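# Summary of structural features
The chain contents come next:
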Amino acid sequence: MRYADAGYNLEIDLTRGNIEKVESDPRDTELYLGGLGTNAKIMWDRVPPEIDAFAPENVLIFSAGLLCGTPALSANRTMVTSISPQTKLFQYSMMGGFWSPELKFAGYDKVIMRGKAPNLVYIWINNDKVEIRDASHLHGKGAVETQELIKAELNEPKAQVAAIGLAGENRVFFASIEQARSSCSRGGLGAVMGSKNVKAIAVRGTKNINLARPAEFMKLMEEVKRYTIWRNENPIPNYMPILAGLGSPQEMKHDDEKWHTENFSWGNSRTRRRGFWNKDIAEDWKKTMATMQNRLISCFNCPNKCGATLTPPGQPTYMMKCFTKLTYTMAAYSDLAFGLSIAQKATEYGIDGYSGPQVMAFGLELLEAGILSEADFAGMPEDNDGKFYWLLDRIVRREGIGDILADGTYWAAERIGKGAHAFAHNNIRKHEQLPLKLGTMDPIYYLLYCCNEKATVTQIEGNFPQAPFATQEEKDAFVSDWFQCPSERIKEVVRKWSFKGEYAGPYYPTPELCSEIVDWQERMHYVDDCVGMCAGMSSFPLKPPYHLFNYPQIISAASGIEMDTDELVKVTKRVRNLVRANNIIRGLRRVDEVPPEDHWNKRFPELEKELLDTYYKYKGWNNDGVPTKELLHELNLDYVAEDFEKRGIYSETPSYELAAQKEKEV
Ligand code: SF4
């Protein structure tokens, strides 16, 4: 009998209309856990690097994590995996809500799609009955509207539906997939779904998931629940309120936006507006939120209520959480009422709330700079807010200038030429980053930005404080009950770390310590993405209920796989390197691991080089960022090493040497 996982995947060939229920290999669960881990293995086995994101041969996987569908608190993430049209690399993006537990209840761990349907379709999974249905009547419908229409059509109010909007249908490179209270936003996986002509996947399940040792599992969950309640009642003292508790940043609960509006950059990630937040603005924004917000809501089996339903005047209700509250407002130098109204439209269209607003602000900057002309924007309204609504419509329809901007800032700049690349200044791996430009280079964040495979820093940072505590008492108090921290060395960093003096950045923590801290933060995210846990209860906040010391017991009691902390570390290392390998064969090398040039005002090239050298060494990678044969062997990934050999990856000239040669030639 299989425990924790359902043991079956749905394999759907969209070109042929063929659906198969296929038993998965339990050995893969032991090696890669599930979710992201097993997705990475499938992508490795089936999608060679020559395959384009929109080619029918590309595979799109919707996967529940190993713990989804069990009573594990907050285990509700769906890991969607494919090749990104924007980065051209392996991409994974998660959504919360209710979809993946429902898939497990229907008896499946993954839906694996290949090919391309001849017409727009949706997939309907109802326990053992799985159908590909015509969706031509849903063409152009909003991502949220589609969910309701499908539920009504099926007469299944309890079905969970993940859908794309117009942006996905038109292959906008930053198109999202929306589901109830959550969204799979980054990397353009909505466009991949659109390229396969799949409008939505609806699922309804009523089966049970087995637990290997139910009594032990429930006891462990009682502890998680007790600690969660305690932790919610005891936010971290002297820490930013939105980050002091659990969950994703509690943007829907807090009205004080002084920190974000004055530290994050407005426009196309350009202007820091110190002194912006005053009494009048605070009152205005509070009133806007009170008028539009209906209630706070949670994902499946979670008490944290990080999201909210919002109804802007005259518009349908939609759901929001986290920093999307501010991205549109700040990109347009506007107010909160504008931000919350345009976000409703953008959610229906299905676009990523990070990249979308930056792309629009980028387009307007190019107009201002004369790189694009008035003729490119013919018909655009005069007023500021109107310009953004107009651009949003052009982008999701790929009309006129919208067709170019729909490729994201990097590829749009490539198409436009004329120096436009200088305005696409906030990308890593061709992917827009947080609108954040700071003072002195931060060594931990330097590594987090450079080396995360998702090119999204918020989904790799977490368990380590973002800044030092001010006093020795605060530092000691923080460390005193930090049982989640895996090493005395890391605790010592928090005890010493200061804003000034010997133990201040950027030379402290040392590159070795930074590598250890980054490695731990990454590891926690990889565990979460394999088991389907919300980062808000584990890898993202400080002092979370799930950590390296209770996870092995929880995974073991649920799945029956024998596991201790060392084994869990090994599994996540394996998954981390397999994900990396998927990118290495697609050409990712050291030269790609650079933060935006203007990310920090004060840079330290020698230290930055040392940081990367040290981190690569710490990871067991060569100096070009490629996992070594020895490491891959240790992780049972010899097949990856053999493939690297065959492709000549180990014998090639390092990317930084090639870049230096090119520079000399120029
Ligand atoms: S912590 Fe927040 S985002 Fe995470 S599952 Fe709970 S409600 Fe959803």
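Definitions and limits used
- Residues numbered from 1 in each chain as written.
- Predicted model: local features only at pLDDT ≥ 70, side-chain atom pairs only at ≥ 80, totals over all residues.
- Heavy atoms only, no water.
- Pairing = 2+ DSSP bridges.
- Helix = DSSP H or I, 4+ residues; strand = E, 2+ residues; numbered from the N terminus.
- Axes fitted to C-alpha atoms, helices over the stretch in contact; angles between N-to-C directions.
- Contact = heavy atoms within 4.5 Å.
- Domains from an automatic or database assignment.
- Buried area = accessible area lost by both parts, 1.4 Å probe.
- Salt bridge = Lys/Arg side-chain N within 4 Å of Asp/Glu carboxyl O.
- Near = heavy atom within 4 Å.
- Nonpolar A, V, L, I, M, F, W, Y, C, P; charged D, E, K, R; others polar.
- Parallel < 35°, antiparallel > 145°, perpendicular 65-115°, else oblique.
- Left-handed = near helix turned anticlockwise from the far one by under 90°.

What follows is about the sheet that holds strand S14 (residues 307-310). Read across the sheet, three strands follow the order S13-S14-S15 without closing on themselves; strand pairing throughout is antiparallel. Either end of the sheet is taken by a strand with one partner, and the two such strands are strand S13 (293-297) and strand S15 (318-321). Neighbour to neighbour, the strand axes of the sheet diverge by 30 degrees on average, direction disregarded. As defined by bridge partners, S13 adjoins S14 across four bridges and the pair is classed as antiparallel. Bridge assignment links Leu 296 to a residue of S14, and that residue is Ala 308. Here helix H12 (residues 336-349) sits on the sheet and contacts S14 and S15; the angle it forms with S15, its principal contact strand, is near 110 degrees.

The subject of this paragraph is the domain arrangement of the protein. Segmentation of the protein into domains returns domain 1 (8-204), domain 2 (237-432) and domain 3 (441-638). Once you take the C-alpha centre of each, domain 1 and domain 2 turn out to be 26 Å apart. Residue-level contacts link 39 residues of domain 1 with 33 residues of domain 2. For the pair domain 1 and domain 2, the summed buried surface comes to about 2900 Å²; carbon and sulfur atoms form 57% of the total. For the pair domain 1 and domain 2, the interface holds one salt bridge. With its nearest N and O atoms 2.7 Å apart, the salt bridge here joins Asp 352 to Arg 186.

Next up on the list: the sheet that holds strand S4 (residues 78-83). The six strands lie next to each other as S2-S1-S6-S3-S4-S5, forming an open sheet whose pairing is mixed. Single-partner strands in this sheet number two, and they are strand S2 (18-23) and strand S5 (90-95). The mean inter-strand angle of the sheet, taken between neighbouring strand axes irrespective of direction, is 15 degrees. In the sheet, strand S1 (residues 8-13) pairs with S2 via six bridges, with the strands oriented antiparallel. Residue Leu 10 lies in a different strand from S2, and its bridge partner there is Lys 21. Running over the sheet, helix H2 (residues 36-46) touches S1, strand S3 (60-64), S4, S5 and strand S6 (110-114) and is turned about 20 degrees from S4.

Around the ligand, a shell composed of Asn 76, Arg 77, Gly 247, Ser 298, Cys 299, Cys 302, Asn 304, Lys 305, Cys 306, Lys 321 and Cys 534 is seen. Residues of the shell around the ligand, tallied by class, amount to four nonpolar, four polar and three charged.

So, on to the packing of helix H22 (residues 565-584) against helix H25 (residues 638-646). Relative to each other, H22 and H25 sit at 15 degrees, their axes nearing to 11 Å. The pairing of H22 with H25 is recorded here as roughly parallel in orientation. Classified by chirality, the crossing of H25 by H22 is left-handed. The residues of H25 that touch H22, namely those facing Leu 578, Ala 581 and Ile 584, are Tyr 639, Val 640 and Phe 644. Per-class residue counts for the contact of H22 with H25 are six nonpolar, no polar and no charged.

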